Amino acid sequence: MAINYKQYQEEVTADVAKILADAGCQPILFVGSGFSKRYARGPNWEELLTELAKKCPLIDKDFAYYKQTYSGDLKKIGSVFTDLYREWAWGKGRGEFPTDYFDASVPADIFIKHAIAELLKDLGPNADGSYGSPELDAEIDALKNISAHAIITTNYDEVIEPLFPEYESIVGQQIMRRGYLAIGEIFKIHGCRTMPQSLVVNEADYQRFDEDHKYLSAKLLTYFIEHPLVFIGYRADDPNIKAILYDVYRMVRATTKDIVPNIYLLQWDKTINETSNPTREYVISVASDINIRIKSITADSFEWVFKAFGQAGNLEKINTKLLRALMARSVELIRSDIPKRHVEIDFEQLEHAVESGESFAKLFGVTSLADPSKVNLDYKYAATGVAQKLGHTTWHEVRRIINRIKEEKGFDVTATDNKYHIAMKLGHKSPQLTHRYTDAAVDLFQKVVNGEPYDLDTGAVEIDKAALAAAANSTP
């Protein structure tokens, strides 16, 4: 019997639920210009250049002329427009720009970037907070219930920020300078209109971005490998998607025979009807003779899709600002002060300390770090780290091994806190978990891979995590 669209929705929702459960973490959203176009009537790149052409008198021909002249190379057109905006600003357009831009120390491309920032400043919902239709309002409500671990966007505008008010925006070069990646962050990799000079607009900008890309990829690649990743508002042939997937390919060496199970491309199709059965996969050429296969979700309404990715639970009770502060402090201490020591954390003391900002700060000072650890930091590997110890690149193989142990021995390594694994809750009411593994787990998994006989120590390890969850729900 042929599958109809309702069955398609049910099967895709079940697949997303399984990937979320196997990953044990929240999804990552990768947001492109199609998102702003759908929910805020924002322009794509070509439409933005068209608007810029209308605003500058020195751009005296239709945008189509420039597109024809430069064979559709939008980066080159961005460079041409950059020069024309500068000439206009230093002439009759001087009154259109802030006076402090007219200084030799200010980059010459600030004028077009200022114009872009002004064009995008009012993008967002209608005055009454709606997004144009009950259908779009429902989609936004469902989107806001996705407790994304992080959001990555190439958009310059500020459409996404109000939807995730507790998230911190990290703009452009700030990402490379950041010593850690936490939770609840919006990475604006092409800049933000609030910082015009950060915008990636012309050929020189893109050259710098390409030079920095390997460092950016190194920062974000763990996200792409460990977390479910959803592309929203991009065409399948978008160069940003191709760049990310090429990085993934180099890590996992996937081929078109091996679908990357945790990456989804969301596509809109207004022709969807009750009998539709869209394709579940999409093959994308990421380099010469290199194709990669990812999952595809096609819909005429994204509400059910966003609800599917909201199945991972929510973080609304979690103070993400506090979590980022904790991670920043702990990462700095581990890196600089105690690279090979255990850290003593008295959870009862932590619970009381959060009531006072002063005592909380003292608690995370360096005075007690030399003492023996009460929290066993032998649980030092994320699933990807375990996979790498076993000679693999992603957590998917670790999940297969865990499932195999469960089938053979009836013991789910991740179901309890034990000598192989612990699951740290981020809050009392949140299902969000951070899974950590020990060297004993690596040794066990290696035996399973090698087909060697193995025994299990199924005894539970008692770890007091309630106070840590309470800290995450409180403001110091």
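Residues numbered from 1 in each chain as written. Predicted model: local features only at pLDDT ≥ 70, side-chain atom pairs only at ≥ 80, totals over all residues. Heavy atoms only, no water.

**Considerations on the layout of surface pockets**
And then number 1: The calculated volume of the second largest pocket comes to roughly 1200 Å³.
And then number 2: Ser33, Tyr234, Arg235, Asp238 and Asn240 are, among the 43 residues lining the second largest pocket, the residues nearest its centre.
And then number 3: Of all elements in the fold, only helix H2 (33-40), helix H3 (45-55), helix H5 (74-89), helix H9 (203-226), helix H10 (239-252) and strand E6 (259-268) reach the threshold of two or more residues within the lining of the second largest pocket.
And then number 4: Among the elements that take part in the lining of the second largest pocket, H2 stands out by supplying 7 residues, more than any other. (1 Å grid on protein atoms, 1.4 Å probe; cavity = no way out; pocket = protein on both sides within 12 Å on 5 of 7 lines; lining within 4 Å. Points joined across faces, edges and corners; volume = space filled by probe spheres on them. Helix = DSSP H or I, 4+ residues; strand = E, 2+ residues; numbered from the N terminus.)

**Things to note about the nonpolar core**
And then number 1: Ranked by size, the top nonpolar core spans 66 residues in total, and within it Leu29, Phe81, Tyr85 and Ile297 carry the most contacts.
And then number 2: Leaving out residues up to four positions away in the same chain, Ile297 has contacts with Tyr8, Val12, Val16, Tyr264, Leu265, Leu266, Gln267, Trp304, Val305 and Phe309.
And then number 3: By size, the runner-up hydrophobic cluster in this structure holds 34 residues, among which are Phe30, Leu216, Ile263 and Leu265. (Core = buried A, V, L, I, M, F, W, Y, C linked by side-chain atoms within 4.5 Å. Buried < 20%, exposed > 50% of the residue type's maximum accessible area, 1.4 Å probe, protein only. Contact = heavy atoms within 4.5 Å.)

**Focus: the pairing of strand E2 (residues 150-153)**
And then number 1: The alternating pattern of E2 places Ala150 and Ile152 and Ile151 and Thr153 on opposite faces, both of which are buried.
And then number 2: Relative to E2, strand E1 (residues 28-31) is paired through 4 bridges, and the arrangement is parallel. Paired with Ile28 across the two strands is Ala150, which belongs to E2.
And then number 3: For E2 and strand E4 (residues 185-188), the ladder comprises 4 bridges, and the chain directions are parallel. Looking at E4, one finds that Thr153 is bridged to Lys188. (Pairing = 2+ DSSP bridges.)

**Quick word on the environment of Val442**
And then number 1: Take Val442: it is sitting in helix H17 (residues 439-450).
And then number 2: A residue is classified by how much of its surface remains accessible, and Val442, at 8% relative accessible area, is buried.
And then number 3: For the pair Val442 and Leu390, spaced 52 residues apart in the sequence, the C-alpha separation amounts to 7.2 Å.
And then number 4: Discounting residues that sit within four places of it in the chain, Val442 has contacts with Tyr381, Val386, Lys389 and Leu390.

**Some thoughts on the pattern of salt bridges**
And then number 1: A full pass over the atoms with the stated rule returns 23 salt bridges.
And then number 2: Glu203 is paired through a salt bridge with Lys76; the nearest N and O atoms lie 3.9 Å apart. Highlighted residues: Glu203 in helix H9 and Lys76 in helix H5, separated in sequence by 127 residues.
And then number 3: Within this structure, Asp109, Lys113, Asp205 and Arg208 form a network of salt bridges that share partners. (Salt bridge = Lys/Arg side-chain N within 4 Å of Asp/Glu carboxyl O.)

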